[in-house]
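Listed below, chain by chain, are the residues.
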Amino acid sequence: MSSPQSVAARLLRLLRRTLLAAVGVQVALALGMTVVDSYRRRGKKAKPFPVTTPREVQVGDGTLTTYTYGGDLYDAMLGAIEKAQRQILFETYIWKGDDVGERFKAALAAAADRGVEVYVIYDGFANLVVSPRFKRFPPTIKVLRYPIYPAGWKFFDLARYGRDHRKILVVDDAVGFVGGYNVGSAYATEWRDTHVRITGPGVWDLKRAFADFWNLNRRRRLGTSERPLLLETASTWEPRIRFHRNVPRLWMFPIRSMYIEAINRASTNVWLTTAYFCPDQDFVDAMKDAAARGVDVRLLVPLKSNHIVADWISRGYFSQLLNAGVRIFRFRDAMVHAKTATIDGTWSTVGTTNVDRLSLQGNYEINLEVIDEGFAANLEEIFRTDESNSLELTRVEWEARDLHRKFTEMILGPLRPLL
């Protein structure tokens with residue numbers, strides 16, 4: 001007769017094997033879906049999609065200009081780099097070594113050659129597949145490659161595992177750019193994203209955001225740290241414009257709170273666009289509560305994104321959102337990568353933060369928050385344009401989906417906290 005200890009040991013082993021098998025099934029399914037999706041996408045090009053022309057809005061002593069087409073944005077960014085006289089601060093998550101990437105690299109090198117101080121930050125992990133040759137820069141450019149493995153010997157310090165997902169360009173004290181666009185030829189024509197050009201006092205806040213990241217993460221060589229990036233303090237500021245920064249190293253994640261607070265205060269409409277929708281339940285509840293009190297809540301996501309697993313996981317929230325009265329729109333024929341929201345014709349945000357766990361509670365991110373009716377009207381126009389290229393998901397359609405789709409959503413559900 002087995003002892004109670006041996007029975008407990010066998011049960012524990014069975015439990016471990018069951019959990020490992022369950023996790024294995026989820027991981028295998030996710031990997032299989034990713035491989036199959038990558039195979040199906042080979043050679044496929046996005047179809048043309050409607051865009052909103054760049055629109056400049058005066059806010060205080062500065063301006064905000066929205067860009068929804070990569071080609072227009074890149075022309076504006078490269079034009080600013082070519083006019084630089086003193087300093088360029090450039091930070092990106094993905095920087096492809098293609099024609100567009102080479103144009104940016106050449107423009108930055110030319111600026112450095114004429115005496116402009118050029119600082120560059122890019123994420124090492126996001127650019128693993130980019131040619132090492134492309135990632136060699138002239139010594140006139142100061143480069144911070146955010147490491148592939150940033151934790152060092154502090155294996156268990158979760159604050160050191162966030163990626164640098166930000167996209168920033170600041171030229172002199174004159175102009176800044178921030179938003180969802182990475183740098184590459186595909187993003188110029190095939191992706192629908194949103195970026196903002198900034199002039200006026202807000203440029204200083206964007207400079208400080210870049211400098212703070214540089215100084216927090218600058219590399220060490222032979223035991224001595226690189227020279228910190230020092231900036232003068234601006235004497236003016238614009239209260240209607242604020243930048244919120246997620247800084248995992250300091251356990252600072254204000255962007256999630258910014259979103260939830262704004263949604264909780266909504267009385268008329270909440271129109272939100274995101275590339276990947278994998279939030280926590282509190283965020284979902286805020287959207288549901290707003291819809292329950294009569295607010296027009298709309299969520300716009302890709303019909304098919306570049307990450308199929310994220311698509312399937314996000315669908316796990318659709319039932320409760322649709323039941324609460326939230327309208328869901330799926331952008332078709334191209335990848336919508338924008339991270340924007342506008343509420344009540346007054347409040348808006350544009351930035352680098354997706355509505356998912358990795359962005360809201362993991363990565364280095366930056367979002368622009370604007371309290372201005374003119375800018376909100378601009379974002380509402382952009383949302384309507386995107387909506388015209390979208391398919392609305394109805395409750396009847398959702399409830400009639402195939403059994404195998406429901407099964408896949410259930411199997412992948414436990415992966416939500418990881419995305």
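Predicted model only: the values in this text are computed from it and were never measured. (Residues numbered from 1 in each chain as written. Predicted model: local features only at pLDDT ≥ 70, side-chain atom pairs only at ≥ 80, totals over all residues. Heavy atoms only, no water.)

Participant: Would you mind showing me how to read unusual backbone geometry here?
Facilitator: Leaving glycine aside, a negative phi is the common case for residues, and trans is the common case for peptide bonds. Of note, Trp 251 is a non-glycine position whose phi angle comes to about 55°, a positive value. Tracing the backbone through its elements, the reader meets Trp 251 in the loop between β12 (241-246) and α6 (254-265). On the basis of relative accessible area, Trp 251 is assigned to the exposed category, the value being 57%. The phi torsion at Asp 333 lies on the positive side, around 75°, for a residue other than glycine. Assessed through its relative accessible area of 33%, Asp 333 is described here as partly exposed. (Helix = DSSP H or I, 4+ residues; strand = E, 2+ residues; numbered from the N terminus. Buried < 20%, exposed > 50% of the residue type's maximum accessible area, 1.4 Å probe, protein only.)

Participant: Which parts of the structure should I look at to understand the side chain of Lys 105?
Facilitator: Following the sequence through the fold, Lys 105 ends up in helix α3 (residues 99-113). Within the buried core, Lys 105 has no salt-bridge partner, and the shortest N-O distance to an opposite charge, that of Glu 102, equals 5.3 Å. Separated by 2.8 Å, the side chain of Lys 105 and the backbone oxygen of Arg 136 make a polar contact. (Lys, Arg positive; Asp, Glu negative; His and termini not counted. Salt bridge = Lys/Arg side-chain N within 4 Å of Asp/Glu carboxyl O. Polar contact = N/O pair within 3.5 Å; in protein donor to acceptor, adjacent residues only side chain to side chain.)

Participant: What is the right way to read the sheet that holds β12 from this model?
Facilitator: Here we have 8 strands laid out as an open sheet, ordered β12-β21-β19-β18-β13-β15-β16-β22, and mixed in their pairing. Of all strands in the sheet, those bounded by a partner on one side alone are β12 and β22 (390-393). Ignoring strand direction, the axes of neighbouring strands in this sheet form an average angle of 15°. In this structure, strand β15 (residues 296-302) lies alongside strand β16 (residues 327-331), joined through 5 bridges in parallel fashion. (Pairing = 2+ DSSP bridges. Axes fitted to C-alpha atoms, helices over the stretch in contact; angles between N-to-C directions.)

Participant: I keep staring at the UniProt feature "domain: PLD phosphodiesterase" (unreviewed entry) in the chain and nothing clicks. Help me out?
Facilitator: With numbering aligned to this structure, UniProt lists the feature "domain: PLD phosphodiesterase" (unreviewed entry) at residues 160-187 and 332-359. As annotated, residues 160-187 has a helix share of 11% and a strand share of 32%, and its two end C-alpha atoms lie 29 Å apart. (UniProt positions renumbered as here; feature names shortened; annotations may be inferred.)

Participant: What am I meant to see in the sheet that holds strand β6 (residues 168-171) here?
Facilitator: Each strand in a sheet pairs with another by means of backbone hydrogen bonds, the pair being arranged parallel or else antiparallel. The mixed open sheet is built from 8 strands, whose spatial order is β1-β2-β9-β7-β6-β3-β4-β5. The outermost strands of the open sheet, each flanked by one partner alone, are β1 (55-59) and β5 (141-146). Taking the axes of each pair of neighbouring strands and ignoring which way they run, one obtains an average angle of 15° across the sheet. Of the strand pairs in this sheet, strand β3 (residues 87-92) and strand β4 (residues 117-123) are connected by 6 bridges, and their pairing is parallel. Following the sheet pairing, Thr 92 is matched in β4 by Tyr 122. With respect to the sheet, helix α2 (residues 70-82) is in contact with β2 (62-67), β3, β6, β7 (175-179) and β9 (195-198), its orientation differing from that of β7 by roughly 145°. (Contact = heavy atoms within 4.5 Å.)

Participant: Whenever I open this one, the packing of aromatic side chains confuses me. Can you help?
Facilitator: Two numbers describe a pair of aromatic rings. These are the distance of the centres and the angle of the planes. Applying the stated criterion across every chain yields a total of 21 aromatic pairs. Centroid distance Phe 90 to Trp 95: 5.0 Å. Interplanar angle 75°. Geometry classified as edge-to-face. A single burial state applies to Phe 90 and to Trp 95, both of which are buried. When the centroid spacing of 5.9 Å and the interplanar angle of 70° are considered together, the rings of Tyr 149 and Tyr 161 count as edge-to-face. (Phe/Tyr/Trp six-rings, centres within 6.5 Å; stacked < 30°, edge-to-face > 60°.)

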